[in-house]
Amino acid sequence: MKADLAALALLVIASTTAAAAPRTADPDWPCQQVKVSELSVASYWSGPAVDSAAINWRQDAAVASLVGLIVQRRLPLDQAGDRIADFARIAGAERNSALLALFAGVFEVLNRERTNVLNGLDRFGERQKVLAERLRLDAEELRAAQAGIPANEAKVAELTQRLAWDSEVFESRRQSARFACDLPTTIEQRLYGLAKAIQAQLDNK
Amino acid sequence: MQVAMTDAAVRLIATIAAAWALAPLPALALTAYVSNERDNSISVVDLDAMKTVRTIAVGQRPRGIMLTADGTSLLVCASDDDTIQIIDTRTLQIVGDLPSGPDPETFALPATGNPLFVSNENDNRVTVIDVPTRKVLAEIPTGVEPEGMAISPDGQTIVNTSETTNMAHFIDYATRKVVANVLVDPRPRVAQFKHDGSELWVSSELGGTVSVIDPVKHAVKTRISFDIRGLRAEAIQPVGIRFTKDDATAFVALGPANRVAVIDARTAKVASYLLVGQRVWQMAFTPDEKYLLTTNGLSNDISVIDVAALKVIKSIQVGRMPWGIVVSPQ
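A.B. asks: Looking at this model, I keep getting lost on the overall build of chain A. Mind explaining?
C.D. replies: A count of helical and extended segments in chain A gives six helices and zero strands. Across chain A, the fraction of contacts at a sequence separation of at least 24, relative to all contacts at a separation of at least 6, is 79%.

A.B. asks: Would you explain the pairing of strand β19 (residues 219-225) of chain B in this entry?
C.D. replies: Regular strands place side chains that alternate from one sheet face to the opposite one. The pairing of strand β18 (residues 209-214) of chain B with β19 of chain B spans six bridges and is classified as antiparallel. When the sheet's bridge partners are listed, S211 of chain B is paired in β19 of chain B with R223 of chain B.

A.B. asks: Which parts of the structure should I look at to understand the sheet that holds strand β17 (residues 200-204) of chain B?
C.D. replies: In any sheet, the strands associate via hydrogen bonds between backbone groups, in a parallel or an antiparallel arrangement. Residues and elements named next belong to chain B. If you walk across this open sheet you meet the four strands as β16-β17-β18-β19, and the pairing is antiparallel. Each end of this open sheet is capped by a strand with a single partner; those strands are β16 (188-193) and β19. Strand-to-strand twist of the sheet, defined as the mean angle between neighbouring strand axes without regard to direction, takes the value 20°. Pairing of β16 with β17, which is carried by four bridges, proceeds in the antiparallel orientation. The residue bridging A191 from the neighbouring strand is V202, located in β17.

A.B. asks: What is the right way to look at the sheet that holds strand β2 (residues 41-46) of chain B in this model?
C.D. replies: Residues and elements named next belong to chain B. Here we have four strands laid out as an open sheet, ordered β3-β2-β1-β28, and antiparallel in their pairing. The strands lining the two open edges of the sheet, one partner per strand, are β3 (51-57) and β28 (322-327). Each strand axis lies, on average, 25° off the axis of its neighbour in the sheet, ignoring direction. Pairing of strand β1 (residues 31-36) with β28 involves four bridges; the strand directions are antiparallel.

A.B. asks: Before we go on, may I ask you to explain the interface of chain B and chain A in this structure?
C.D. replies: Taken together, the contact between chain B and chain A spans 18 residues of the former and 14 residues of the latter. The residue makeup of the side of chain B that touches chain A, split by class, is eight nonpolar, five polar and five charged.

A.B. asks: Looking at this structure, I do not really get the nonpolar core. What am I missing?
C.D. replies: Across soluble globular proteins, nonpolar side chains have a tendency to be buried as a group. In terms of nonpolar packing, the biggest core is built from 116 residues, with L102, F103 and V106 of chain A together with V76, V252, V260 and L293 of chain B touching the most fellow members. Top contributing element to this core by residue count: helix α4 (residues 95-147) of chain A, with 10 residues. Among residues more than four places away in sequence, those in contact with V252 of chain B are S203, V210, P238, I241, V260, A261 and I263 of chain B.

A.B. asks: Quick question: what am I supposed to make of the packing of helix α3 (residues 77-91) of chain A against α4 of chain A here?
C.D. replies: Two quantities define a packed helix pair, namely the angle between the axes and the distance from one axis to the other. All names here are of chain A. For the pair α3 and α4, the least separation of the axes is 8 Å and the interaxial angle reads 140°. Judged on the interaxial angle alone, α4 and α3 are oblique. Seen along the crossing, α3 lies across α4 with a hand that is right-handed. Here F87, A88 and A91 of α3 lie close against α4, whose contacting residues are R95, A98, L99 and L102.

A.B. asks: Explanation requested: the pairing of strand β21 (residues 249-253) of chain B in the structure shown.
C.D. replies: All names here are of chain B. By the criterion of burial, β21 is predominantly enclosed, with four of the five residues buried. Inspection of the sheet shows strand β20 (residues 241-243) paired to β21 by three bridges, in the antiparallel sense. Considered in β21, the bridge of I241 is made with V252. Taking the residues between adjacent antiparallel strands as the criterion, β20 and β21 are bridged by five residues, where D247 takes a positive phi near 60°. Where β21 meets strand β22 (residues 259-264), five bridges bridge the pair, whose relative direction is antiparallel. Within β22, the position partnered with A253 by the bridge is V260.

A.B. asks: Even after reading the chapter, I still don't get helix α5 (residues 153-180) of chain A, so can you show me in this structure?
C.D. replies: Residue pairs three or four apart in sequence face the same way in an α-helix, which turns once every 3.6 residues. Here α5 of chain A is 28 residues long and its end C-alpha atoms lie 40 Å apart, about the 40 Å a rise of 1.5 Å per residue gives. Those residues of α5 of chain A that fall on the buried side of the exposure criterion are L159, L163, S167 and A177 of chain A.

A.B. asks: Explanation requested: the confidence of the model for chain A in the structure shown.
C.D. replies: As a general rule, the predicted coordinates of low-pLDDT regions are not to be interpreted in detail. Looking at chain A as a whole, the pLDDT averages 84, with 86% of positions reaching at least 70. Within the model, the stretch residues 7-24 of chain A combines pLDDT values under 50 with 25 contacts to residues more than four positions away or in other chains.

A.B. asks: Is there a simple way to explain the environment of R83 of chain A in this structure?
C.D. replies: All names here are of chain A. In this fold, R83 is placed in helix α3. Given 14 C-beta atoms within 10 Å, R83 falls into the partly exposed group. Residues R83 and L69 lie 14 residues apart in sequence; the distance between their C-alpha atoms is 9.3 Å. Filtering out sequence-adjacent residues up to four positions away, R83 remains in contact with L66, L69 and I70.

A.B. asks: I'm lost on unusual backbone geometry in this one. Help?
C.D. replies: As a rule of thumb, non-glycine residues mostly have phi less than zero, and peptide bonds are mostly trans rather than cis. Here the residue pair I149 of chain A and P150 of chain A is connected by a cis peptide bond, since its omega of -5° sits within 30 degrees of zero. Inspection of the secondary structure assignment puts P150 of chain A in the loop between α4 and α5. Even without a glycine there, the phi angle at N124 of chain B is positive, about 50°. Here N124 of chain B lies in the loop between β9 (116-120) and β10 (125-130). A positive phi angle, close to 60°, is found at A268 of chain B, a residue other than glycine. Turning to its location among the elements, A268 of chain B is positioned in the loop between β22 and β23 (269-275). The exposure class of A268 of chain B is partly exposed, given the 16 C-beta atoms found within 10 Å.

So, how was this worked out
Residues numbered from 1 in each chain as written. Chains lettered and ligands numbered in written order. Predicted model: local features only at pLDDT ≥ 70, side-chain atom pairs only at ≥ 80, totals over all residues. Helix = DSSP H or I, 4+ residues; strand = E, 2+ residues; numbered from the N terminus. Contact = placed C-beta atoms within 7 Å. Pairing = 2+ DSSP bridges. Axes fitted to C-alpha atoms, helices over the stretch in contact; angles between N-to-C directions. Nonpolar A, V, L, I, M, F, W, Y, C, P; charged D, E, K, R; others polar. Core = buried A, V, L, I, M, F, W, Y, C linked by C-beta atoms within 7 Å. Buried ≥ 20, exposed ≤ 12 C-beta atoms within 10 Å, placed from the backbone. Parallel < 35°, antiparallel > 145°, perpendicular 65-115°, else oblique. Left-handed = near helix turned anticlockwise from the far one by under 90°. Expected span 1.5 Å × (residues − 1). pLDDT = per-residue confidence, 0-100.

Structure below.
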């Protein structure tokens with residue numbers, strides 16, 4: 001039974017290392033998806049050139065407040081689209097420049113939010129690697145304690161308990177990683193939807 | 001006075017009723033079928049009306065999707081159910097399955113329409129299935145995880161790509177032996193022969209390139225790379241490849257670049273990029289090559305490209321995370 005646990009711990013590590021093997025140059029990246037560390041405007045925008053660094057969108061209170069509102073995922077996308085349409089109508093002659101500033105703001109905020117998520121995922125991957133290494137060492141130690149003559153019963157009991165606990169933490173973290181890995185995608189989808197809604201309001205004449 | 005209906009009359013009425021019920025089915029129009037990886041469903045898209053008209057529930061994680069040569073059956077890799085489901089395109093009902101082996105992701109049919117070659121990623125083998133009898137003809141061990149599958153136009157050579165080795169492995173079907181290994185860039189995905197068999201193109205998702213391989217010399221002739229203004233190189237992840245029937249033009253789906261590259265297939269030079277939906281993955285032509293359709297995994301739609309004008313003319317909503325697409329031959 002105790003030996004089984006050590007074997008199980010090793011199996012968990014082995015299967016996880018295989019499943020979450022880093023596919024990019026980043027050794028801590030824990031997700032299946034290829035890591036794209038930063039988003040590009042060109043993936044989302046085919047309208048007039050946007051130099052997000054040069055546009056000070058925060059200076060315009062109407063833009064800043066709408067950016068803050070529509071990046072919230074709890075606001076359904078079609079309602080965000082209605083707000084954008086209202087905003088474009090009110091902007092009148094400044095319609096296109098106002099929409100450009102709005103896109104620059106949305107892009108900056110969501111790209112930053114996504115970068116924070118990626119950093120979190122990297123830290124998560126690093127912690128899992130540390131825990132995997134500890135599980136491996138404990139499993140080796142447990143086998144050694146069991147093999148001793150006489151077996152070190154106190155040590156075996158202590159290690160068995162620690163292995164059981166750590167394996168559970170490791171496995172539950174691995175399960176939640178699958179959901180966490182979907183987060184950057186969710187942000188990208190929001191950005192794409194908003195970019196499309198903003199572009200639809202551009203006056204192309 | 002009551003008239004007793006004869007059995008024959010009842011059968012006749014039932015037949016007429018069944019025929020009438022079948023008549024308005026979208027399978028009679030020019031139809032695209034899209035596998036939705038996240039929704040465990042197939043979207044049936046009427047290409048005359050340019051909209052999704054039906055959704056068929058299928059097994060878990062549907063990815064690879066093909067039609068049999070006669071167009072009567074749709075084959076769908078239900079990867080997480082370890083099976084290939086057969087859907088009757090007339091009734092849109094699941095009518096059976098094929099013994100695909102574990103975790104089927106992609107498959108390929110030769111020009112003759114039989115047999116079917118399935119890549120089993122978790123099992124390091126290619127399963128060969130006789131479609132009419134639904135029997136396994138052979139299991140070819142590949143030694144490495146197979147990913148993309150291609151069959152040469154003469155049906156003699158099977159190619160599978162592997163992300164373990166970053167190679168395209170050429171297997172001779174007659175002897176079932178690997179005859180050549182060609183190194184390509186990291187994480188090869190799709191392998192596609194030109195219609196005349198003169199070249200094999202292999203896309204590398206991580207490497208960001210397409211390798212053009214001479215299938216006789218088993219050597220890379222050239223590597224196509226992509227440069228899109230304003231886009232970080234890591235966002236360019238080539239996946240799906242399609243050639244026009246005359247092999248003059250190639251289209252390559254570039255994943256999170258949200259673009260399809262248009263390539264002069266004779267010179268291997270990129271001519272232009274078309275902005276499509278989000279995370280573009282696989283593509284299919286309509287039979288007349290008037291349109292090229294792309295699956296966009298994150299925007300949950302397909303983009304319709306007018307091939308002559310090289311313009312995206314329409315986006316059609318489908319299910320969540322569309323993966324593969326096939327168009328009926330009618």
